[in-house]
Amino acid sequence: MNQVYVAVWDGAHYLVVRKRVLNSWWGSNSVVVLSAEAMAAVLAIRNASGGGTEQDWDLVKKLLSGAWRAAGSVAYRGERTLPRTMDALDRALESAERAHPQTDDIAMETLAALQSLFREDARTPPPFSAARTTLRELSIALPPPTRGAPNWAAALILAQRLVAEVGAWSDGLPPALVNQAGQWALPGGGRLNNERKERAARREFEEELGIWLGQGRAACDLRARLFPDGGGSFSLVRFRTTAEELLRMAQEAENNVQASASSPVRPQSCLVTDWEVASIGRVPVANLRNVLGARVEVPGEGTLEVDEALASARPGSQEIDWYREIAALLSPA
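The structure presented is a predicted model; accordingly, all values stated were derived computationally and were not measured.

Conventions used here
Starting afresh in each chain, residues are numbered from 1 along the sequence in its written order. In keeping with the predicted nature of the model, local features appear solely for residues at pLDDT of at least 70, side-chain atom pairs appear and are counted solely at 80 or more, and the whole-chain, interface and lining totals rest on all residues. Excluding hydrogens and water, the side-chain figures rest on all heavy atoms present in the structure. Interaxial angle, 0 to 180 degrees, is taken between N-to-C directions of lines fitted to C-alpha atoms, where a helix line uses only the stretch in contact. The helix count covers DSSP runs of H or I at least four residues long, the strand count covers runs of E at least two residues long, and both are numbered beginning at the N terminus. When an angle is under 35 degrees it counts as roughly parallel; over 145 it counts as roughly antiparallel; between 65 and 115 it counts as roughly perpendicular; any other value is oblique. Handedness of a helix crossing follows the sense of rotation of the near helix relative to the far helix, less than a right angle counterclockwise being left-handed and clockwise being right-handed. Any two residues having at least one pair of non-hydrogen atoms within 4.5 Å are treated as being in contact. UniProt positions are given in the numbering used here, feature names are shortened, and annotations may be inferred rather than shown by experiment. Only buried Ala, Val, Leu, Ile, Met, Phe, Trp, Tyr and Cys residues count toward a nonpolar core, and they belong to the same one when joined by side-chain atoms within 4.5 Å. Think of it in three bands: residues with accessible area under 20% of the maximum for their type are buried, residues over 50% are exposed, and the middle band is partly exposed, with areas taken using a 1.4 Å probe on protein chains only. By this definition, two strands are paired if DSSP reports at least two bridges between them. Side-chain classes follow a simple rule in which Ala, Val, Leu, Ile, Met, Phe, Trp, Tyr, Cys and Pro form the nonpolar group, Asp, Glu, Lys and Arg form the charged group, and the remainder, Gly included, forms the polar group. By definition, a salt bridge exists where a carboxyl oxygen of Asp or Glu is found within 4 Å of a side-chain nitrogen of Lys or Arg.

Caption draft 1: Up close: the packing of helix α1 (residues 27–47) against helix α4 (residues 103–120). α4 packs onto α1 with a crossing angle of 155 degrees between their chain directions and a minimal axis gap of 9 Å. Our classification of the angle between α1 and α4 gives roughly antiparallel. Helix-helix and strand crossings are classified by hand; for α1 and α4 the assignment is left-handed. Between α1 and α4, the contacting residues are Val31, Val32, Ser35, Ala36, Ala38, Met39, Val42, Leu43, Ile45 and Arg46 on the first element and Thr103, Asp104, Ile106, Ala107, Thr110, Leu111, Leu114, Leu117 and Phe118 on the second.

Caption draft 2: Quick look at the UniProt feature "coiled-coil region" (unreviewed entry) in the protein chain. Mapped onto this structure's residue numbering, the UniProt feature "coiled-coil region" (unreviewed entry) falls at residues 236–263. Between the C-alpha atoms that bound residues 236–263 there is a distance of 34 Å. The span itself is 54% helix and 18% strand.

Caption draft 3: A look at the nonpolar core. Judged by nonpolar contacts, the single largest core of 71 residues is most densely connected at Leu15, Met39, Leu43, Leu64, Leu138 and Leu209. Per element, the largest residue contribution to this core is 12 residues, and it comes from α1. For Met39, the residues in contact, after removing those within four places along its chain, are Ala107, Thr110, Leu111, Leu114, Leu138, Leu142 and Ala159. Among the nonpolar cores identified, the runner-up in size contains 21 residues, and Tyr5, Trp184, Leu288 and Tyr323 belong to it.

Caption draft 4: View of the UniProt feature "domain: Nudix hydrolase" (unreviewed entry) in the protein chain. Taking the numbering used here, the UniProt-annotated feature "domain: Nudix hydrolase" (unreviewed entry) corresponds to residues 180–211. Across residues 180–211, the secondary structure splits into 41% helix and 16% strand, with the terminal C-alpha atoms separated by 21 Å.

Caption draft 5: Representation of the pairing of strand β2 (residues 13–19) in the model. With respect to burial, β2 is a largely interior element, 6 of its 7 residues being buried. In this structure, β2 lies alongside strand β5 (residues 184–185), joined through 2 bridges in antiparallel fashion. Of the residues in β5, the one forming a bridge with Arg18 is Trp184.

Caption draft 6: Structural context of the packing of α1 against helix α2 (residues 54–73). At their nearest, the axes of α1 and α2 sit 8 Å apart, and the two run at 155 degrees to each other. By the angle class used here, α1 and α2 are roughly antiparallel. The element α1 and its partner α2 pack so that their crossing is left-handed. Contacts from Gly27, Ser30, Val31, Leu34, Ser35, Glu37, Ala38, Ala41, Val42 and Ile45 of α1 reach α2 at Asp56, Trp57, Val60, Leu63, Leu64, Gly66, Ala67, Ala70, Ala71 and Ser73. Per-class residue counts for the contact of α1 with α2 are 13 nonpolar, 5 polar and 2 charged.

Caption draft 7: How the structure looks around the pattern of salt bridges. This model, assessed by the stated rule, comprises 17 salt bridges. Here Glu165 and Arg161 are joined by a salt bridge, their closest N and O atoms 3.8 Å apart. Taken together, the residues span about one helical turn, with Glu165 and Arg161 both in helix α6 (residues 152–171) at a distance of 4 residues. Judged by its relative accessible area of 36%, Arg161 is partly exposed. Across the salt bridge formed by Glu198 and Arg223, the nearest N and O atoms sit 2.5 Å from each other. Of this pair, Glu198 sits in helix α7 (residues 197–209) while Arg223 sits in strand β7 (residues 219–226), and the two are 25 residues apart along the sequence. Within the structure, one salt-bridge network assembled from shared partners comprises Glu195, Arg203, Glu204 and Glu207.

Caption draft 8: Spotlight on the environment of Arg84. Tracing the backbone through its elements, the reader meets Arg84 in helix α3 (residues 83–96). Sequence separation between Arg84 and Ser116 is 32 residues; the distance between their C-alpha atoms is 5.9 Å. Aside from chain neighbours lying at most four places away, what touches Arg84 is Ser116 and Glu120.

As structure tokens, this is what we get:
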């Protein structure tokens, strides 16, 4: 196991997160939904008279960025990698970020990403689903330049249908137990192969909270290896920021992780691709030892579904003893 935990502080307070109990919005699911939504958003701009507004393009860039990061997050789960999907999304995002983005190029790259995604991951969505049929029809409406002219109006209708189909598929997925369910914890997760600790920490923070810890917002001031005598590789990376910026981050993250108006099982922000966090808090340094790893009452606790999930948790998965070591590093007595 190769994990990294992320601590952000201002010298007086730490940012902590409360983990959800159940979740079905993981990177392997969100990449499908976000890619389809990016396709529909680009085609809406292509079909609009006069092109899209600045807000329209901002949404496209956020959707493509979220989809790209979601595709990358699949790799560290040890299930599979999505290299062609990531490459196509990367090209689409690069085109969208240019001073004068070309909708045709972005649409074709996003279509290539969807085609690769459905080939690279046969379970997303399952074979013979309506979404796969719609994607084939969308590919016919947007043929390669050497094979005919695109039908942009038909493509938009098909992309919107694809969004509805993959959204329904995602909403219907059975939720899985979140590790550290209901606990006050730190953001974090698995590191990709050959990924530097600091880079992994920034990526995990963005996947869970929708905030990129750029150099202008926070600077790394601590890297530590946890329990070196134990198995696996566990690391702690800490970033320092100002009190004003920490408060701003907490408020922004709290807004990002709330449920969207369109679906109760996905976050409000398309930049949050792994929805493990239920809420955000700021804890005084001196009180961190009393908070980190502590379970609190969570929404849904006491219902059969949640209680059965907690009862069937892997031994030790809800008792994070190493938080004592983390707290000792971050809040020395």
